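Descriptive analysis of the structure
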Amino acid sequence: MPRFTTTLAVAALGLTISAMPASAADEQAVPGDEKVNQLIVYGNDPCPASSQGEITVCARKPEEERYRIPEPLRGIDSPKNDAWTNKVQAYETVGAFGTLSCSPVGPGGSLGCTQKLINQAYAEKKNGSDVKFSELIAAERQKRLSTIDAQAATEQKRVEQAEQAYFDQQKRQEAKQSANENQSGAATTPPSPPPSK
């Protein structure tokens, strides 16, 4: 027991002795022993000014890189860099056997394969190019339908003008015909009265 306490005391004394020269060196600030502060700044962010005993070095990167994964860590195919969603999905399939599990294990395991194929087909359909085509077709249809009201209004106006012209012509012909009948009736003798009894 005393030997253990002595070892601890010597270790504590060594720690305090080793800490003393470091603080003394900081106070003296010997040239060449400056602290170097390396920073990455993005876009137009200012680089902090250097202070006495400290050199500040800034590497400037474009604003688009601010929230991205650092370049050295991009594209590493390590299990450590796998997304948590992928890990959770992997854990969900662990122990998936039995009825409706699409596995050869357990009774009715193969019954889930149909549902798995259906889900996969819907996922492919949702992300497929035919969906994009249907969106393009719907947009083109909407564009064409937007001009139908204007076209219908101009066509209606043209039809109404044609009908009005037809009715005006018909009235003129009726007026001309009645005028002709009046002239022909005035030229002839008036009808004789019926014979009296």
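Rules behind the numbers
- Residues numbered from 1 in each chain as written.
- Predicted model: local features only at pLDDT ≥ 70, side-chain atom pairs only at ≥ 80, totals over all residues.
- Heavy atoms only, no water.
- Helix = DSSP H or I, 4+ residues; strand = E, 2+ residues; numbered from the N terminus.
- Contact = heavy atoms within 4.5 Å.
- Salt bridge = Lys/Arg side-chain N within 4 Å of Asp/Glu carboxyl O.
- Buried < 20%, exposed > 50% of the residue type's maximum accessible area, 1.4 Å probe, protein only.
- pLDDT = per-residue confidence, 0-100.
- Phe/Tyr/Trp six-rings, centres within 6.5 Å; stacked < 30°, edge-to-face > 60°.
- Patch = residues over 30% accessible without salt bridge, like charges linked within 9 Å, V, L, I, M, F, W, Y side chains within 5 Å.
- Areas by Shrake-Rupley, 256 points an atom, 1.4 Å probe, with all protein chains shown as cover.

**Some thoughts on the overall build of the protein**
For the protein, the count of helices and strands is four helices and two strands. Walking the protein from its N terminus toward its C terminus, one meets helices and strands in the order α-β-β-α-α-α. Across the protein, contacts joining residues at least 24 apart in sequence account for 1% of those joining residues at least 6 apart.

**Let's talk about the pattern of salt bridges**
Two side chains that carry opposite charge are able to pair once their charged atoms sit near each other. Following the criterion strictly, the structure yields five salt bridges and no others. The salt bridge partner of Lys143 is Glu140, with a shortest N-O separation of 3.6 Å. A residue pair is termed a helical-turn pair when its members lie 3 or 4 positions apart in one helix, as Lys143 and Glu140 do in helix H4 (residues 129-187) at three residues. On the accessibility criterion, Glu140 (33% relative accessible area) is partly exposed.

**A look at the side chain of Glu65**
Inspection of the secondary structure puts Glu65 in the loop between strand S2 (54-61) and helix H2 (84-93). Overall, the relative accessible area of 15% leaves Glu65 in the buried class. Sequence-distant contacts of Glu65, defined by excluding residues within four places in its chain, comprise Tyr42, Glu71 and Arg74.

**Considerations on the confidence of the model for the protein**
Mean pLDDT for the protein: 74, with 70% of residues reaching 70 or above. The secondary-structure element of the protein with the lowest mean pLDDT is helix H1 (residues 2-28), recorded at 40, while S2 shows the highest, at 90. When the criterion is pLDDT under 50, residues 1-30 qualifies, and its contacts beyond four places in sequence or with other chains add up to one contact.

**Some remarks on the packing of aromatic side chains**
Applying the stated rule across the entire model yields one aromatic pair. Here the aromatic rings of Tyr166 and Phe167 are separated by 5.8 Å at their centres, their planes lie at 55°, and the arrangement is tilted.

**Some words on a nonpolar patch on the surface**
Together, Val36, Ile55 and Val57 give the surface a local cluster of nonpolar side chains, amounting to about 230 Å² of exposed area. Checked against the element boundaries, Val36 lands in strand S1 (residues 35-42). On the accessibility criterion, Val36 (48% relative accessible area) is partly exposed.

**Observations concerning the environment of Cys113**
In this fold, Cys113 is placed in helix H3 (residues 112-127). By relative accessible area, which is 26% here, Cys113 ends up partly exposed. A sequence separation of twelve residues divides Cys113 from Ser101, and the C-alpha atoms of the two residues are 7.2 Å apart.

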